Amino acid sequence: MNRRRARAVARKELLHIVRDPISLIMAIAMPLVLLLLFGWALSLDVDRVPTWVYDADRTPQSRELIARFEASRFFQVAGYAGSQKAIEERIDRGQALLGLVILGDYSRRLALDKEAEVQVLLDGSDSNTAAIALGYVEAVVRAHAQALQARAQNLKLGRTVRPPVEARLRVWYNSELKSRNYIVPGLIAVILMIIAALLTSLTIAREWESGTMEQLLSTPLRPAEMVLGKLCAFFAVGLVDMVMAITVGVGVFRVPLRGSLLLLFFTGCLFLFGGLCWGILLSALARSQLLAYQLGVLTSFLPAFLLSGFVYAIENMPAPIRAVTYVVPARYFVTILKGIYLKGVGIGVLAAEIAFLAAYAAIVFLAATRAMRQKVA
Amino acid sequence: MWKRILEIVRKEFRQAFREPRMRVLLFGPPLIQLIVFGYAVNLDVERTEIAWMDQDHSPASRELLAEFTSSGHFQVVAAPAGEQDVRDVLDYGRAQAVVRVSPGFGRDIDADRTATVQVLLDGSNSNTASIVSGQAAGIVSGYAGRVLGDRQRAALVAATMNTGQPAAIRMPTLRARTRVWFNPDLRSRNFYVPGVVVNIITLVTLMLTAMAIVREKEIGTMEQLMVTPIQPLELMLGKMLPFGVVGMLDVALVTAGALLVFHIPFRGSGLMLIGAAMLFLLTTLGAGLFISTVCQTQQQAIMASFFFFVPAFMLSGFAFPIRNMPLLAQAISFIDPVRWFMEIVRGVFLKGIGIRVLWPQMLALLIIGTTVLSTSALRFHKRLD
């Protein structure tokens, strides 16, 4: 292995990237756009659910119930309707997610110690938001029911009755329950995979298509040197992206970073290396840019986005898909990222994941070199 | 004129289908996305793994455990013994939550005091944590209600025996009767798969259109085309039409897959869907055309398509609700055609609404589409001369 030759290839590759401003912008601007989107614009948190109310009762009792919803940060009472039909229309149009209907006999039933009912209409199209909103609605109604019961019992039995069992909930790692806190760390995996999938897999395919590969082959360059040279160039780009992602995440979006920055860097480099080798392997196998790109997106980017636990929890996936995630390297890196950022854990807890990433990087590097050698010979 | 356009269309189709790999690429990714988004992407919380730490070992604590396990929402996978165990369980991610019943739980209940149950939640996926906390709180509350009911009955019996008269103590209660519209089982699949229709049609038409034109530039056959009597307008139409057709075919394919394999409801009008798709195609084909005028190489075309597609998709309400976005982002999504098409598609699939409700969205698509297409066409025209 001649280091000088590998360095020459690296220099050539870097010059290619720097001289093609569009590629460079894509490599740096795209991650920035993603950071902006996921750190600022996008969130799964359920807050201020637009609610419309039809109060057919119009008594202090019904208003008391409505006041609970108004006081909650999870609901935003957007308006009062004159009929149930009007509420249904609003839900159809997407102006209301939640409709509350209090019938005319609400306070009468309560006065007679009967069971009163509040009807809840929920737009279930966005099942995630709906499920969470439903939980909140039930919690508010439950709290009010308990308050009513306690009040009645105090009156009738002349003594204060307290709830027999109470749940004390504490959230670890992400106490404000902000979806940004777990999405932005996982985003680093996705960003690094974009470099690996798009830039790298296109590079060798482009050389085949434009014919410069033959020119390279006629030089004394060895396959391993070529692979290493290209790797170094794209590694540098990936490194810049990683630093940018970490800085923006912590500095701008205030995502907590509780673990070791050093470990974060080390595992990031390991993951980047493996991903780049995979990209090079793909581009060596695919002759056309289009094919290389599609394969890259399919095997690197999409799994990193969908199957790594970045946004969609792996526990909720059906068993066969969960089995597939075991061979997705991004899954392990996202676990590491969340562990370092949110849980503040170290090598002890993350040993298995780190080992997998190391093994993956080694295997793919060998495969990429062999594939290049075969292609060349 | 039409004859020349037809020739270009035929040439594109032949080029596309001659290469077997291209054939796969045209229809493979849509199907794969359908499978992935239909099965893998799932925000529904089915059965959560929890750890149970019972420090009381009383009949009451065992009853509470039974409530949790029989609810169908939870599965106990660990029984931590001490503080370090609890920390390990959550640190290593072995369970999503730890329920701790402190010593004296049963005694507190018997003595009419308030007994507490501690639930520690792993917040690293705050979405799941919100749902799980709601479920756990519901179960504890249900258990509390049952205990309260037992106590009241006991008090009733005692009162009756004391006074010899039946004492009827009824309490007012409040219940929520919930009706979930459009997606009663709250399956996230019903929410995502219609979005996949939008995803497919956007990707295919946008990227392939851009690449088809740029490839000719790159290889050099564009100059050859220019020497022929073909007019710029005819070239444009000839390049865009095939991918428009492919896009519509993909829509049909994915919709069929959604209905037959995933049993997604389709409550609206198919005609509405086709009409909206055609309006939407104005934008994507136009954008593909625009990208082809900006880029010189296929690699750039791919990157540019990606650069346009990803934010447009993220801000469209596909996975992340628009309502949650800051106002500036919501304003941006106003000019995002994907957002309007997404609303139409979801409305047609799940809500069964039609043009009466969706005309603003159709109008938005029309306005955005004609603007993008005419701008791109003008630019393409100029570039070619």
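In this text, all values refer to a predicted model and were calculated from it rather than measured experimentally.

1. Some thoughts on the overall build of chain B
Consideration 1: The helix and strand inventory of chain B stands at 14 helices and five strands.
Consideration 2: The globule rule puts the C-alpha radius of gyration for 385 residues at 21 Å, and the 30 Å found for chain B is more than 25% above it.
Consideration 3: Oriented by its inertia axes, the alpha-carbon framework of chain B measures out at about 105 × 50 × 40 Å.
Consideration 4: Expressed as a percentage of its 385 residues, the buried residues of chain B come to 48%.

2. What to know about the domain arrangement of chain B
Consideration 1: Each assigned domain of chain B is listed here: domain 1 (2–42 + 187–384) and domain 2 (48–163).
Consideration 2: Here the C-alpha centre of domain 2 of chain B lies 51 Å away from the C-alpha centre of domain 1 of chain B.

3. Points about the sheet that holds strand S1 (residues 48–54) of chain B
Consideration 1: With mixed pairing, five strands are arranged side by side in an open sheet as S5(A)-S4(B)-S3(B)-S1(B)-S2(B). Each end of this open sheet is capped by a strand with a single partner; those strands are strand S5 (165–172) of chain A together with strand S2 (74–78) of chain B. Between one strand and the next, the sheet's axes are offset by a mean angle of 30 degrees, whatever the strand orientation.
Consideration 2: When S1 of chain B meets strand S3 (residues 97–101) of chain B, the two strands line up parallel, connected through five bridges. Bridge pairing links Met 53 of chain B to Arg 100 of chain B in S3 of chain B.
Consideration 3: Strand contacts of helix H6 (residues 126–163) of chain B: S5 of chain A together with S1, S3 and strand S4 (115–122) of chain B, with the helix running at about 165 degrees to S5 of chain A, the strand carrying the most contacts.

4. Here we look at the nonpolar core
Consideration 1: Counting 175 residues, the largest nonpolar core has Leu 187, Ala 189, Val 190, Leu 192, Met 193 and Cys 277 of chain A together with Phe 341 of chain B as the members making the most contacts within it.
Consideration 2: Here the element with the most residues in this core is helix H7 (residues 180–210) of chain A; it accounts for 19 residues.
Consideration 3: Beyond its immediate stretch of four places on either side in the chain, Leu 192 of chain A contacts Gly 238, Asp 241, Met 242, Phe 271, Leu 272 and Gly 275 of chain A.
Consideration 4: Residues Ile 91, Leu 98 and Leu 100 of chain A together with Leu 120 of chain B belong to the second largest nonpolar core, which totals 71 residues.

5. Quick look at the environment of Ser 292 of chain B
All names here are of chain B.
Consideration 1: As for its position among the elements, Ser 292 is in helix H10 (residues 270–294).
Consideration 2: You can call Ser 292 buried: it has 27 C-beta atoms within 10 Å.
Consideration 3: Residues Ser 292 and Lys 217, 75 residues apart in the sequence, show an inter-C-alpha distance of 9.1 Å.
Consideration 4: Contact partners of Ser 292, with chain neighbours within four places excluded, come to Ala 210, Ile 213, Val 214 and Ala 301.

6. Considering the interface of chain B and chain A
Consideration 1: Taken together, the contact between chain B and chain A spans 90 residues of the former and 94 residues of the latter.
Consideration 2: Every element with two or more residues in the side of chain B that touches chain A is listed here: helix H2 (20–40), helix H4 (83–91), S4, H6, strand S5 (173–181), helix H7 (188–219), helix H11 (298–314) and helix H13 (337–351) of chain B.
Consideration 3: At 17 residues, the largest contribution of residues to the side of chain B that touches chain A is made by H6 of chain B.
Consideration 4: Residue classes in the side of chain B that touches chain A are distributed as 53 nonpolar, 24 polar and 13 charged.

7. A closer look at the sheet that holds strand S2 (residues 75–80) of chain A
Consideration 1: The strand order across the open sheet built from five strands is S2(A)-S1(A)-S3(A)-S4(A)-S5(B), with neighbouring strands paired in mixed fashion. Each of the sheet's edge strands pairs with one partner strand only, and the pair in question is S2 of chain A together with S5 of chain B. Sheet twist, expressed as the average angle between the axes of neighbouring strands with direction ignored, equals 25 degrees.
Consideration 2: Across the face of the sheet, helix H3 (residues 60–71) of chain A comes into contact with strand S1 (49–55), S2, strand S3 (98–102) and strand S4 (115–123) of chain A while running at roughly 175 degrees to S1 of chain A.

8. Quick look at the environment of Ile 353 of chain B
Consideration 1: Relative to the assigned elements, Ile 353 of chain B resides in the loop between H13 and helix H14 (355–384).
Consideration 2: For Ile 353 of chain B, a count of 21 C-beta atoms within 10 Å puts it in the buried group.
Consideration 3: On a C-alpha basis, the gap between Ile 353 of chain B and Gly 268 of chain B in space is 5.9 Å, while along the polypeptide they are 85 residues apart.
Consideration 4: Apart from the residues within four sequence positions on either side, Ile 353 of chain B is in contact with Asp 92 of chain A together with Gly 268, Gly 347 and Leu 358 of chain B.

9. Side note on the confidence of the model for chain B
Consideration 1: For chain B, the average pLDDT comes to 84, and 96% of its residues sit at 70 or higher.
Consideration 2: In the model output, the complex is listed with pTM 0.82 alongside ipTM 0.78.

10. Regarding the packing of helix H10 (residues 261–285) of chain A against helix H13 (residues 329–343) of chain A
A pair of packed helices is characterised by two quantities: the angle between their axes and the separation of those axes.
All names here are of chain A.
Consideration 1: Contact geometry of H10 with H13 gives a least axis separation of 11 Å together with a crossing angle of 170 degrees. Of the possible angle classes, the one that applies to H10 and H13 is roughly antiparallel. Taken together, the residues of H13 that come into contact with H10 (itself represented by Leu 263, Leu 264, Thr 267, Phe 271 and Gly 274) are Pro 329, Phe 333, Ile 336 and Ile 340.
Consideration 2: Classifying every residue of the contact of H10 with H13 by side-chain character gives seven nonpolar, two polar and no charged.

11. Focus on the packing of H7 of chain B against H13 of chain B
Residue and element names in this part refer to chain B.
Consideration 1: The contact between H7 and H13 brings their axes to 9 Å, and the two run at 135 degrees. Taken together, the axes of H7 and H13 lie oblique to each other. Where H7 crosses over H13, the two elements pack in a sense that is right-handed. Seen from H7, the contacting residues are Asn 190, Pro 194, Gly 195, Val 197, Val 198 and Thr 202; seen from H13, they are Val 338, Phe 341, Met 342, Val 345, Arg 346, Phe 349 and Leu 350.

12. Focus on the environment of Gln 294 of chain A
Consideration 1: Summarising the element assignment, Gln 294 of chain A is placed in helix H11 (residues 289–306).
Consideration 2: Taking the C-alpha atoms as reference points, Gln 294 of chain A and Ala 323 of chain A, 29 residues apart in sequence, are found 23 Å from one another.

13. Remarks on the pairing of S3 of chain B
Taken residue by residue, a regular strand's side chains alternate between the two faces of the sheet.
Consideration 1: Burial analysis of S3 of chain B places five of its five residues in the buried class, which makes it a mostly covered element.
Consideration 2: Of the two faces of S3 of chain B, the one carrying Ala 97, Val 99 and Val 101 of chain B and the one carrying Val 98 and Arg 100 of chain B are both buried.

14. As for the pairing of S3 of chain A
Residues and elements named next belong to chain A.
Consideration 1: With five of five residues buried, S3 is to be regarded as a mostly interior element.
Consideration 2: Burial along S3 is two-sided: the residues Leu 98, Leu 100 and Ile 102 and Gly 99 and Val 101 are all buried.
Consideration 3: With five bridges joining them, S1 and S3 adopt parallel strand pairing. Counted as the bridge partner of Trp 52 is Gly 99 from S3.

15. Some remarks on the domain arrangement of chain A
Consideration 1: With domains assigned, chain A is organised as domain 1 (3–42 + 178–376) and domain 2 (49–157).
Consideration 2: Here the C-alpha centroids of domain 1 of chain A and domain 2 of chain A sit 49 Å apart.

16. Focus on H11 of chain B
For an α-helix, 3.6 residues make a turn, and residues three or four places apart therefore share a direction.
Consideration 1: Between its first and last C-alpha atoms H11 of chain B spans 24 Å; for 17 residues at 1.5 Å apiece the expected length is 24 Å, and the two agree.
Consideration 2: Burial within H11 of chain B is extensive, with 13 of its 17 residues counted as buried.

17. With respect to H10 of chain B
Consideration 1: Its 25 residues give H10 of chain B an end-to-end C-alpha distance of 36 Å, which sits within 8% of 36 Å, the value for a rise of 1.5 Å per residue.
Consideration 2: Of all the bends in H10 of chain B, the greatest, near 25 degrees, is centred on Phe 280 of chain B.

What counts as what
- Residues numbered from 1 in each chain as written.
- Chains lettered and ligands numbered in written order.
- Predicted model: local features only at pLDDT ≥ 70, side-chain atom pairs only at ≥ 80, totals over all residues.
- Helix = DSSP H or I, 4+ residues; strand = E, 2+ residues; numbered from the N terminus.
- Rg over C-alpha atoms; globule rule 2.2 N^0.38 Å.
- Buried ≥ 20, exposed ≤ 12 C-beta atoms within 10 Å, placed from the backbone.
- Domains from an automatic or database assignment.
- Pairing = 2+ DSSP bridges.
- Axes fitted to C-alpha atoms, helices over the stretch in contact; angles between N-to-C directions.
- Contact = placed C-beta atoms within 7 Å.
- Core = buried A, V, L, I, M, F, W, Y, C linked by C-beta atoms within 7 Å.
- Nonpolar A, V, L, I, M, F, W, Y, C, P; charged D, E, K, R; others polar.
- pLDDT = per-residue confidence, 0-100.
- Parallel < 35°, antiparallel > 145°, perpendicular 65-115°, else oblique.
- Left-handed = near helix turned anticlockwise from the far one by under 90°.
- Expected span 1.5 Å × (residues − 1).
- Bend = angle between axes of the 7 residues up to and from the residue.

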